Amino acid sequence: MASIVAPVLFIQCLLSILLTTTLAAPINITRETFRTCRPGNWVGIPSDCCPPKVIKGPIVDFCPQYDAAKPLRVRKALQCLSGHELKTYTRKLERGYALMRALPDSDPRSFKRQNAIHCAYGTASFIQDGSTNLTIDIHLNWHFLPWHRMFVYFHEKILQKLLGDPEFSLHFWNFDNSVTAKPRHGSHGCYKAGHFVPPMYNEPSKATFEANRSFMAFEPNRAVDLAFDLSQWSPVLGPPTFPNNTVEEQTRMNREIMHRSMITLGNTTSFIGKPYRVGDAQILIPAAGAGTIEMLPHNTLHAYIGGWMMQPGTAPIDPIFYPFHANMERLWSVWRKLGYGNDDPTDPDWLDATFLFWDENAVMRRVKTRDFVDLNALGYRYEEVNDASWIFFDNSTSPVRNYRSRVVFLSMLPDQEAHQMSFMQNPKILAGY
Ligand code: C2O
């Protein structure tokens, strides 16, 4: 199937570049957007992460080129890595990150600069071309899923390049699966539960480790809380009261959260997030713009992990950002296959939005959302995992009822939110306790 589809996609991609008019209403990031970048902020926390104002060299349109003769690369689930495979992967990732961290700040592929570009796109540093006040954010609207797929895509390409290994693939953190099941007959997938912080990201001697996290992220067998409420971080009340659930209780709630975000609440219009086009004001309230999985488990897990991960200005400083986001975009592809009429937007203002990313050769690429909706056309796929753990969640007896108050946080009023967010400026919180 993919072998027929991919060349067609490539031609479509070339055509769509030729046909793009200047009257388009989708968001297009351009040289001008970079030129007018300015210090931004996220809920009042200032950021200063603009890339150089002048983009040197050409901007080259990106078209996925899929080689039908080659099998798709597989991004695998971290929790099933063991033995020789684990050793090889860890060694490669270690080397990749060492090389990436060693690049000078002037190199857009450096670890630091990758955080900076996410920061610029995520803290209102860019403004719409020709406007003086319409700030851009790739969170809390329909650009969230495609933009982060692009970001992780180029991150992986850069690692491949630095390692000299074009087959290198990132793994993903399968935080949504909390049920270890027997593999289906003939399946080569990973059916182990993955609801804890992956051990290699918690190992102080590893390049994938980050000390700036909340303490419960370090508890080896603790089930992460997919409904974790950001407002729990209070400078007044001290460290959050983390739920003291048994693994059983917690994972049951997690399965319900997943079921709700992916199925019950995640229909075609609510899953991707609200439109954000030229002329629109930035959406600042999560509940007003974010798609269902951006709210839970995405925002909630960022808060749960804490430290750098708590804000868009710093999140990719923690290497766990990448396997975490690989799973986020995997969930998008799972959602498309679930049925229920689930489908991506057909609105050209979504499909024709373009973003700029430096690629593995430090060349600036113009990347279009429509080229990132089908990950197989990008040359990779995800290992099969136990999504059935939440797909078939029985919601007749709902533990999430007790969680209502937390979920309400996600739809609270703007001033309440500003209040909650001011907690985040507490230095203790920024240091991850
Ligand atoms: Cu741009 Cu998980 O955030």
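Rules used throughout
- Residues numbered from 1 in each chain as written.
- Predicted model: local features only at pLDDT ≥ 70, side-chain atom pairs only at ≥ 80, totals over all residues.
- Heavy atoms only, no water.
- Helix = DSSP H or I, 4+ residues; strand = E, 2+ residues; numbered from the N terminus.
- Buried < 20%, exposed > 50% of the residue type's maximum accessible area, 1.4 Å probe, protein only.
- Contact = heavy atoms within 4.5 Å.
- Areas by Shrake-Rupley, 256 points an atom, 1.4 Å probe, with all protein chains shown as cover.
- Phe/Tyr/Trp six-rings, centres within 6.5 Å; stacked < 30°, edge-to-face > 60°.
- Lys NZ or Arg CZ within 6 Å of the ring centre and 35° of its normal.
- Salt bridge = Lys/Arg side-chain N within 4 Å of Asp/Glu carboxyl O.

### So, the overall build of the chain
Looking only at helices and strands, the chain features 15 helices and seven strands. Burial analysis of the chain (433 residues in total) assigns 59% to the buried set. Contacts in the chain between residues at least 24 apart in sequence constitute 75% of all its contacts with a sequence separation of at least 6. Here the chain has roughly 18,400 Å² of accessible surface; of this, 59% comes from carbon and sulfur atoms.

### Notes on the packing of aromatic side chains
As enumerated under the stated definition, the model contains 28 aromatic pairs in all. Arranged with centres 5.8 Å apart and planes meeting at 85°, the rings of Phe151 and Phe321 form a pair that is edge-to-face. With Phe151 in helix H5 (residues 144–163) and Phe321 in helix H10 (residues 321–337), the pair connects residues that are 170 residues apart, well separated along the chain. Considered together, Phe151 and Phe321 belong to a single accessibility category, that of buried residues. Look at Phe175 and Phe324: their rings are 5.4 Å apart centre to centre, the planes differ by 45°, and that puts the pair in the tilted class. One end of the pair, Phe175, is in the loop between H5 and helix H6 (247–264); the other, Phe324, is in helix H10, and 149 residues separate them in sequence. A relative accessible area of 0% places Phe175 in the buried class. For Phe324, a relative accessible area of 0% puts it in the buried group. Between the NZ or CZ atom of Arg75 and the centre of the ring of Tyr380, over which it lies, the distance is 4.0 Å.

### Things to note about the pattern of salt bridges
This model, assessed by the stated rule, comprises 21 salt bridges. Across the salt bridge formed by Arg366 and Asp61, the nearest N and O atoms sit 2.9 Å from each other. With a gap of 305 residues between them, Arg366 in strand S6 (residues 364–368) and Asp61 in strand S3 (residues 59–61) connect regions that are remote in the sequence. For Arg330, the salt bridge is made with Asp176, and the minimal N-O distance between the two is 3.2 Å. Here Asp176 lies in the loop between H5 and H6 and Arg330 lies in helix H10, a separation of 154 residues in the sequence.

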